[in-house]
Amino acid sequence: MDEIEYTVRRSSRARHARIVVDVGGVEVVLPERMALRHVPPLVAEKRRWIERTLRRFREAEQALPVLADGEVVPYLGRSMLLRIRVEPGRVRPFVSRRGDVLHVKVGEAGPDAVRDALERWYRKRARVEVAARLDAAVRRAGTRYTKLTIRSQRTRWASCSSSGAMSFNWRLLLAPEEIVDYVVEHEVAHLEVLDHSPRFWKLLASRCPRYRDHERWLRVNGTALRL
């Protein structure tokens with residue numbers, strides 16, 4: 001059998017060994033005191049899952065949007081037409097939305113410049129879109145959060161700390177609107193139940209009856225939520 005290439009990282013927060021598979025490859029995360037001899041058997045045990053996940057990433061790579069003038073990118077379930085203009089000498093990229101059209105101005109040609117410009121725009125929009133949903137959700141729940149951060153996590157769509165600090169991945173805006181709504185409700189439920197105990201899922205189901213469908217959608221399509 002072909003060898004699976006992976007990297008090993010030690011973490012002071014890890015309590016058990018785990019495997020992370022994402023667009024960057026395969027990473028084995030170990031507690032600081034765990035011996036390296038445990039890694040090969042773990043990778044062998046999870047081989048089928050690793051290969052299946054890597055295959056999903058390869059398929060998602062082929063389905064990524066083409067960042068060129070006249071192509072489209074997703075935004076909360078809508079298709080946004082790209083109108084790209086290269087302005088040599090421009091230092092800061094500029095993106096503006098007019099209806100279902102995104103006008104992108106960059107200083108140099110190529111997908112990397114467009115990608116960077118779009119990511120900045122999506123990050124800004126994520127703060128607006130998530131904040132509105134989060135404020136409404138905590139009002140309904142009668143709870144509150146302490147801080148909102150927009151990030152580009154490798155393996156998480158969102159998180160809620162014990163202090164009530166919220167973090168959301170900007171790539172959620174590449175998903176349909178109901179998926180963003182679900183992730184917000186999921187994290188707001190964590191303000192009351194921090195773990196994933198039966199009590200948590202019961203609370204979440206009372207606020208988002210279709211949560212299982214949304215979880216399944218993210219598992220199947222999450223790897224394709226990239227630019």
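Because the structure is a prediction, the values reported are computed rather than measured. Sequence positions are assigned chain by chain, starting from 1 and proceeding in written order. For this predicted model, a pLDDT threshold of at least 70 governs which residues receive local features, and a threshold of 80 or more governs which side-chain atom pairs are given and counted, while totals over whole chains, interfaces and linings are taken from all residues. Only hydrogens and water are removed before side-chain values are computed, so all heavy atoms of the structure are retained for them.

Topic: the nonpolar core
At step 1: Nonpolar cores are built from buried Ala, Val, Leu, Ile, Met, Phe, Trp, Tyr and Cys residues. Side-chain atoms within 4.5 Å join them into one set. Only protein chains enter the accessibility calculation, which uses a 1.4 Å probe; a residue is then buried when its area is under 20% of its type maximum, exposed when over 50%, and partly exposed in between. Counting residues in hydrophobic clusters, the biggest one holds 51 residues, and the most contacted among them are Val73, Leu118, Tyr122, Leu134, Leu148 and Phe168.
At step 2: Only DSSP runs of H or I reaching four residues or more are called helices, and only runs of E reaching two or more are called strands; each is numbered from the N terminus. No other element matches the 12 residues that helix α3 (residues 111-141) contributes to this core.
At step 3: Aside from chain neighbours lying at most four places away, what touches Leu148 is Arg127, Val130, Ala131, Leu134, Met166 and Phe168.
At step 4: Core analysis: the next-biggest nonpolar cluster, separate from the first, contains 11 residues, Val26, Val28, Leu30 and Val39 among them. Contacts: residue pairs with any heavy atoms within 4.5 Å of one another.

A few points about a nonpolar patch on the surface
At step 1: Patch members must show over 30% relative accessible area and no salt bridge, and they are joined within 9 Å when carrying like charges or within 5 Å when they are nonpolar side chains of Val, Leu, Ile, Met, Phe, Trp or Tyr. Accessibility throughout is a Shrake-Rupley quantity obtained with a 1.4 Å probe, and a residue counts as covered only by protein chains that appear here. We define a salt bridge as a contact between a side-chain nitrogen of Lys or Arg and a carboxyl oxygen of Asp or Glu at a distance within 4 Å. A surface patch of nonpolar side chains, about 260 Å² in accessible area, is lined by Tyr6, Val8 and Leu36.
At step 2: What makes Tyr6 partly exposed here is its relative accessible area of 31%.

Some details on the sheet that holds strand β10 (residues 165-169)
Backbone hydrogen bonds hold the strands of a sheet together, and the pairing may be parallel or antiparallel.
At step 1: Strand order in this open sheet of 3 strands is β8-β10-β9, and the pairing throughout is mixed. A single partner strand is all that each edge strand has here, and the edge strands are β8 (147-151) and β9 (158-160). When strand polarity is set aside, the average angle formed by the axes of neighbouring strands in this sheet is 15°.
At step 2: Strand pairing requires that DSSP identify at least two bridges connecting the strands. Both β8 and β10 contribute to a ladder of 5 bridges, which runs parallel. Across the sheet, the residue bridging to Thr149 is Ser167, located in β10. Simply put, an axis is a line fit to the C-alpha atoms, just over the touching stretch for a helix, and the angle between two N-to-C directions goes from 0 to 180 degrees.

A closer look at the sheet that holds strand β2 (residues 18-22)
At step 1: Strand order in this open sheet of 3 strands is β1-β3-β2, and the pairing throughout is mixed. Taken across any chain shown, the strands that pair with only one partner, and hence form the sheet edges, are β1 (7-11) and β2. Within this sheet the neighbouring strands show an average axis-to-axis angle of 30°, counted without direction.
At step 2: Sheet analysis places β1 next to strand β3 (residues 25-31), joined by 5 bridges and oriented parallel. Directly across from Arg10, in β3, lies its bridge partner Leu30.

A word on the packing of α3 against helix α4 (residues 177-190)
At step 1: The N-to-C vectors of α3 and α4 enclose an angle of 45°; their axes lie 10 Å apart at closest approach. In this view, α3 runs oblique relative to α4, as classed from their interaxial angle. As for how α3 packs across α4, the hand of that crossing is right-handed. Judged by residue contacts, Arg133, Leu134, Ala137, Val138, Arg140 and Ala141 of α3 engage Glu177, Val180, Asp181, Val184, Glu185 and Val188 from α4.
At step 2: Of the residues assigned to the contact of α3 with α4, the class counts are 7 nonpolar, no polar and 5 charged. Under this scheme an angle from 65 to 115 degrees is roughly perpendicular, one under 35 degrees roughly parallel, and one over 145 degrees roughly antiparallel; angles in between are oblique. Should the near helix be turned anticlockwise from the far one by less than a right angle, the crossing is termed left-handed; should it be turned clockwise, right-handed. Residues are sorted three ways: Asp, Glu, Lys and Arg are charged, Ala, Val, Leu, Ile, Met, Phe, Trp, Tyr, Cys and Pro are nonpolar, and all the rest, Gly among them, are polar.

Concerning unusual backbone geometry
At step 1: The phi torsion at Leu76 lies on the positive side, around 50°, for a residue other than glycine.
At step 2: Checked against the element boundaries, Leu76 lands in the loop between β4 (72-75) and β5 (78-86).
At step 3: Given a relative accessible area of 10%, Leu76 falls into the buried group.

A short note on the packing of aromatic side chains
At step 1: Aromatic pairs are defined between Phe, Tyr and Trp rings, using the six-membered ring for Trp, whenever the two ring centres lie within 6.5 Å; interplanar angles under 30 degrees are classed as stacked, those over 60 as edge-to-face, and all others as tilted. In this structure the tally under the stated criterion is 6 aromatic pairs.
At step 2: Centre to centre, the rings of Phe200 and Trp201 are 5.0 Å apart; their planes meet at 80°, and the pair counts as edge-to-face.
At step 3: Judged by its relative accessible area of 25%, Trp201 falls in the partly exposed class.
At step 4: Feature note: the residues Tyr75, Trp121, Tyr122 and Trp170 constitute an aromatic cluster, connected by ring pairs.

Points about helix α5 (residues 198-207)
At step 1: Turning to α5, its buried residues number three or more, namely Phe200, Leu203 and Leu204. Projected down its long axis, α5 carries its buried residues within an arc of 100°, all on one side. Of the exposed residues in α5, those oriented more than 90 degrees away from the buried face are Pro198, Arg199, Lys202 and Ser206.
At step 2: Next to the buried residues of α5 lie α4 and α6 (211-221). To be clear, the arc concerns the directions from the helix axis to the C-beta atoms.

Things to note about the side chain of His190
At step 1: Positionally, His190 belongs in helix α4.
At step 2: A polar side-chain atom of His190 sits 2.9 Å from the main-chain carbonyl oxygen of Val193.
At step 3: Each residue touching His190, except ones within four places of it in the same chain, is listed here: Cys160, Asp195, His196 and Phe200. Residues adjacent in sequence count toward polar contacts only when both atoms are side-chain atoms; beyond that, a polar contact is any pair of N or O atoms within 3.5 Å, and within protein one must be able to donate a hydrogen and the other to accept it.

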